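# Structural description and commentary
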Amino acid sequence: MRTNQKTKQIFRTRAKTFLQYTFAIILLFILKIDPAAAQGKLTGFVVDDEFNEPLVKAVITIPGTLISVLTDQQGKYVLKMKAGDYFMEVNYPGYFKKQYNMTVADDITTPMFIIKLKKNAVGQTLQRHITSRESKNLFPQTIEDYSIWQMDEQAGNQEFNTILKNIPSASFHSNGNGFGDSEVSFRGNSPLRTSYTFNGILLNSPETGRVGSSLLSGLTDWSQQLQAETGQASNMQSQTSYGGLINTLSYLPKEKSGADLLAIYGNNGFLKTSATVHSGLSKKKFTSSFQVSRTSGDGTVQNSGFEQYSLFMDLRKELNQFHTFVFNVNAVIQQHNRNEQDTIGAYNIYGTKYNRDWGFLNDKPVSWTTSYNRSPLLSLTDFWRPRKNTQITTKLFALFNRSAQLIPAGSFLNILPSDSVGQLAFDKITDWNKGTEVAEFGASRQPDSNGKFINSETSGISTLAAIESENRFGLRTVVTHTVSKKLDLNGSLDLQYYHANHFGAVDDLLGADGFSSYSDINQPDGFVVQSLFKSNFFPTYNSPDKVAFNYESAIQTGGVSLRINYRSGRYFWYFAGSGSMQNMQRTDHFNYLSIDASQKSDAVLVAGGHAQTGIGIKFWKYHSIYLRSSYGSYQPLFKTLFPSGNNWKNEGAKNEQVFDAEAGYTIFSRKLKVEALAYRTQLTNRSVIRYNNLQTGDAMGIVNGLSEVHRGVELKTSYRIGGNLQLSANGSLGDWKYTKDAEAQIYNSDNQLNSTNALWLKNVKIANAPQFTIYSEIEYRWAHNFYVRLNYYRAERLYAPFGLYDFTNLAVRTDFAQWKMPKYDLVGFSANYLLKVGKKQTLNFILGGQNLLDTEYIEQSATNLNEDNPRYTSNLVNYGMGRTWFVGVKFAF
């Protein structure tokens, strides 16, 4: 590789050795500490006042001394002290503290029983109902909760999903390291099947399955609680998919007035600032919160800078004992440059921070991958309590997403000139567009009869913008009825209307005199483009003339969900089911005459649903097991149903059938917690669309009827050494593969079948998701308010995807070689220090970093050429994110 590769490897080896020795010395020093002998014990439990849920890591201190302890997984604490009278204080972030006068006697355990802390927030119950947040201690499914401390530290990370790396079987996809472009998947499933909800609103696009980069990065600013379910979630949403759920809950207005100011600085110019103001609960039962934030930076790869502004507003009014209304506004305006995949050979030459899609024009940087986004989200919620044991929560919401993605268009895109450092030579491109001879293009460009150089979709070289104008309206109603202390019933209704306009526009002529579009069949002689897309931070999305493509997508969805929960002292059982209908239709304005009935496709009405049941059993105080199984039929995505550039339908796209089972065992005590589980998921009727790695004359490849099995084991452990040190280790071992052969259908641009290729996929591994992961962390606490965490992550058994032509020239099945990508190790850290500077004022210092050794590793590949292949360096890959760090301070008053 590059000449400095050996030096960097030596540095990483020495740095890793230094960290190991430092870590060992700290550990030995801690373990040698001999606390003062204790003659008495003070014990109790700390729980949430509203939900009776344990508050893990609540802080119990004796003010004026260094005596402090944290609660365990049960919310239990044990203080060992000499006999005497003490003044005790109980604290937890976001909750009102409590203080007690206590007496401890020699050789006697003094029980405090249950201490209930009240949260400094308004509307917890309302939020729980509409979001269907589960109680981890009860629900029989693997669930990961993230505390307020963790979410505060998450504010310093560039990517929202990085906080999820500690979850076994989680795969993080940075997708070229563009701001907000990352995705996460669980247990080898497609990231398009990972569901994201925010305050009960499903954020995934019904067209692509993705969440827009602006909304995804906005979650970092708005979320105070996060809950992740890695299996098929039993969330009260009829449209959540089978690939896991990331359930985010926003900040709640505080009961007492106050404000938070946040400032964070990181590598590559990363800067985040925000201000949050809480009005407090008035005598007339009105409260509000308002937040504004700005995030910017240069990005971790070349020319991947970004800038974002976000807004959050929460207004709520309790009208009477029956009704409470909440009005929310969330908005993001964002601009960021992206990075596309490139070959290993290019990265070997130019470095892993290389970005091929930019250069300089007249000494100013120009990018072909800039993305513009604007995403206002409005919602109105009514919390109605018609009876003591019945709550009905109804939410109306509207999302107006606007986005534009710059792309190159025209001729000679496969031989664009670049300079000595691999950047695009935009000066040469503009020269050629004006008729000047450029060696890379061969013959000079000729003008038209008027002596003008006019570009089009297929001639000249231009910068276009792919624009999406999306409107989404929805209604969500959740009904909860408590039959008895042991039994409650839940139901929900979800209705959503989605409509989007998709069209191209001209952004930059790159020196040409004009642009004529010939893509609209209704204008066979073409038309001259008058209005261009003006790419700036506040673009006007609907004003430019439409070129290249112009179509509409309309999707209507309706569904219901039902769930029964039964609990006793030792048992928790539930049964859940949902059913939904989805109606999809595509209207194409360029590829069909306006009088042609085919301009609007036939409506495709598809039913789906799932059923799930689970049981949790506590055998005795510290041991429990759970069993869960589910079956679901999930509608295909719009892009799977209409994969080409017109209304041609993929007739082989069917509902994906998923059968999933999971069994888990948990043991925990005051110091030790172990969660172990095994799972198996059978997936059939899956469809994959491929647009790259094709041959001349091919436009796309379709593989329908894929069958997969995902099975594996997961382990989460933690052990507390004394009161200050905690060790945790999570791991997963998966076996994710295809279970039968398939067939690829290759089509040309006219949707005519070019070829049919047999795919010998049986036992081929699922790609781009590490099937063996380890995440370990050590946390040390000084006093009661300073935490330091060091973490280590390893990923192995990462495979490249099969190609549609990989099997055409093979004699036997065993000749197929799937590239097993190199394993990699990452080291990270975080720290948090809370300092009281007054009765109500606090300073919270946070810092952290990821990939401290700046390890270079391949995270994803689009091609399958193993190391023995002479074309190995032609693999199209994404390298993972390099070293990142941040420091920040939050002032609350």
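To keep things clear, this report deals only with the structure shown in the data block.

So, about the overall build of the chain. Scanning the chain from N- to C-terminus turns up seven helices and 49 strands. Computed over its C-alpha atoms, the radius of gyration of the chain comes to 29 Å, within 12% of the 29 Å expected for a compact globule of 893 residues. Considering only C-alpha atoms, the chain reaches an extent of 100 × 65 × 60 Å along its principal axes. Within the chain, contacts between residues at least 6 apart in sequence are counted, and of these 68% link residues at least 24 apart. On the chain, roughly 37300 Å² of surface is accessible, and the fraction owed to carbon and sulfur atoms is 57%. Counting 90 positive and 76 negative side-chain charges, the chain places the averaged centre of each group 11 Å from the other.

Close approach of charged atoms lets side chains of opposite charge pair. Applying the stated criterion across every chain, the model contains 39 salt bridges. Between D221 and K272 there is a salt bridge, with its nearest N and O atoms 2.7 Å apart. Of this pair, D221 sits in helix α4 (residues 213-222) while K272 is found in strand β16 (residues 271-278), placing the two residues 51 residues apart along the sequence. Each member of the pair, D221 as well as K272, is classed as buried. The shortest N-O distance in the salt bridge between R813 and D741 comes to 2.8 Å. Here D741 lies in the loop between β38 (725-738) and β39 (742-747) and R813 lies in the loop between β43 (798-799) and β44 (820-821), a separation of 72 residues in the sequence. For D741, a relative accessible area of 31% corresponds to the partly exposed category. A single network of salt bridges, built from pairs that share partners, joins R187, R628, D660, E662 and E714.

Moving on, we come to α4. By the criterion of burial, α4 is predominantly enclosed, with ten of the ten residues buried. All buried positions along α4 are accounted for by S213, S214, L215, L216, S217, G218, L219, T220, D221 and W222.

Strands pair in a sheet through their backbones, by hydrogen bonds, and they do so in one of two ways: parallel or antiparallel. In space, the three strands of this open sheet follow the order β26-β29-β30, with mixed pairing throughout. This sheet does not close on itself; its edge strands, each paired only once, are β26 (454-455) and β30 (527-528). With two bridges connecting them, β26 and strand β29 (residues 514-517) associate as parallel partners. Of the residues in β29, the one forming a bridge with I454 is G514.

This brings us to a nonpolar patch on the surface. A grouping of L319, F325, F327, L378, L380 and L396 is seen on the molecular surface, where their side chains present a nonpolar patch of about 480 Å² in accessible area. Sorting the residues of the nonpolar patch by element identifies β19 (323-337) and β24 (377-387) as the ones contributing at least two each. Following the sequence through the fold, F327 ends up in strand β19. F327 gets classed as partly exposed once you look at its relative accessible area, which sits at 31%.

In the sheet, strand β33 (residues 604-620) pairs with strand β34 (residues 623-634) via eleven bridges, with the strands oriented antiparallel. In the sheet register, I615 faces β34, and the bridge partner there is L627. The turn linking β33 back onto β34 is made up of two residues. As paired elements, β34 and strand β35 (residues 656-668) share twelve bridges and run antiparallel to each other. Bridge assignment links S624 to a residue of β35, and that residue is T666.

Another aspect to go through is the packing of aromatic side chains. Counting across every chain of the model gives 35 aromatic pairs. When the centroid spacing of 6.4 Å and the interplanar angle of 80° are considered together, the rings of Y347 and Y354 count as edge-to-face. Members of the aromatic cluster, each reached through a chain of ring pairs, are Y780, W782, F786, Y833 and F845. Here the basic side chain of K165 rests over the ring of Y793, its NZ or CZ set 5.5 Å away from the ring centre.

Turning next to unusual backbone geometry. In this model, S169 sits at a positive phi of 70°, which is unusual for a non-glycine residue. Position of S169 among the secondary structure elements: in the loop between α3 (148-154) and β9 (170-173). The phi dihedral of R797 is positive, around 55°, even though this residue is not glycine. Within the fold, R797 resides in the loop between β42 (786-796) and β43.

On to the side chain of Q141. Tracing the backbone through its elements, the reader meets Q141 in the loop between α2 (124-131) and β8 (143-146). Since its relative accessible area comes to 3%, Q141 is described here as buried.

Okay, the nonpolar core next. One finds L164, Y196, L203, L219, L226 and I246 to be the most contacted residues of the largest nonpolar core, which totals 27 residues. Listed by contribution, the elements that provide at least two residues to this core are β10 (183-186), β11 (195-198), α4, β13 (223-229) and β25 (390-410). Among the elements that line this core, the one with the most residues is α4, at four residues. Among residues more than four places away in sequence, those in contact with L164 are Y146, A170, V184, F186, L226, A228 and I246. By size, the runner-up hydrophobic cluster in this structure holds 21 residues, among which are L706, F802, L804 and F816.

Let us look at the environment of N389. Take N389: it is sitting in the loop between β24 and β25. N389 gets classed as partly exposed once you look at its relative accessible area, which sits at 36%. N389 sits 155 residues away from P544 along the chain, and the two C-alpha atoms are 55 Å apart. What N389 contacts, discounting residues up to four positions off in sequence, is T480, H481 and T482.

Across the eight residues that make up α2, a large majority, seven, are buried. If you check which residues of α2 are buried, you get Q124, L126, Q127, R128, H129, I130 and T131. The first or second residue beyond α2 is S132, which carries a positive phi of 55°.

The rules behind each value
Residues numbered from 1 in each chain as written. Predicted model: local features only at pLDDT ≥ 70, side-chain atom pairs only at ≥ 80, totals over all residues. Heavy atoms only, no water. Helix = DSSP H or I, 4+ residues; strand = E, 2+ residues; numbered from the N terminus. Rg over C-alpha atoms; globule rule 2.2 N^0.38 Å. Contact = heavy atoms within 4.5 Å. Areas by Shrake-Rupley, 256 points an atom, 1.4 Å probe, with all protein chains shown as cover. Lys, Arg positive; Asp, Glu negative; His and termini not counted. Charge placed at Lys NZ, Arg CZ, Asp CG, Glu CD. Salt bridge = Lys/Arg side-chain N within 4 Å of Asp/Glu carboxyl O. Buried < 20%, exposed > 50% of the residue type's maximum accessible area, 1.4 Å probe, protein only. Pairing = 2+ DSSP bridges. Patch = residues over 30% accessible without salt bridge, like charges linked within 9 Å, V, L, I, M, F, W, Y side chains within 5 Å. Phe/Tyr/Trp six-rings, centres within 6.5 Å; stacked < 30°, edge-to-face > 60°. Lys NZ or Arg CZ within 6 Å of the ring centre and 35° of its normal. Core = buried A, V, L, I, M, F, W, Y, C linked by side-chain atoms within 4.5 Å.

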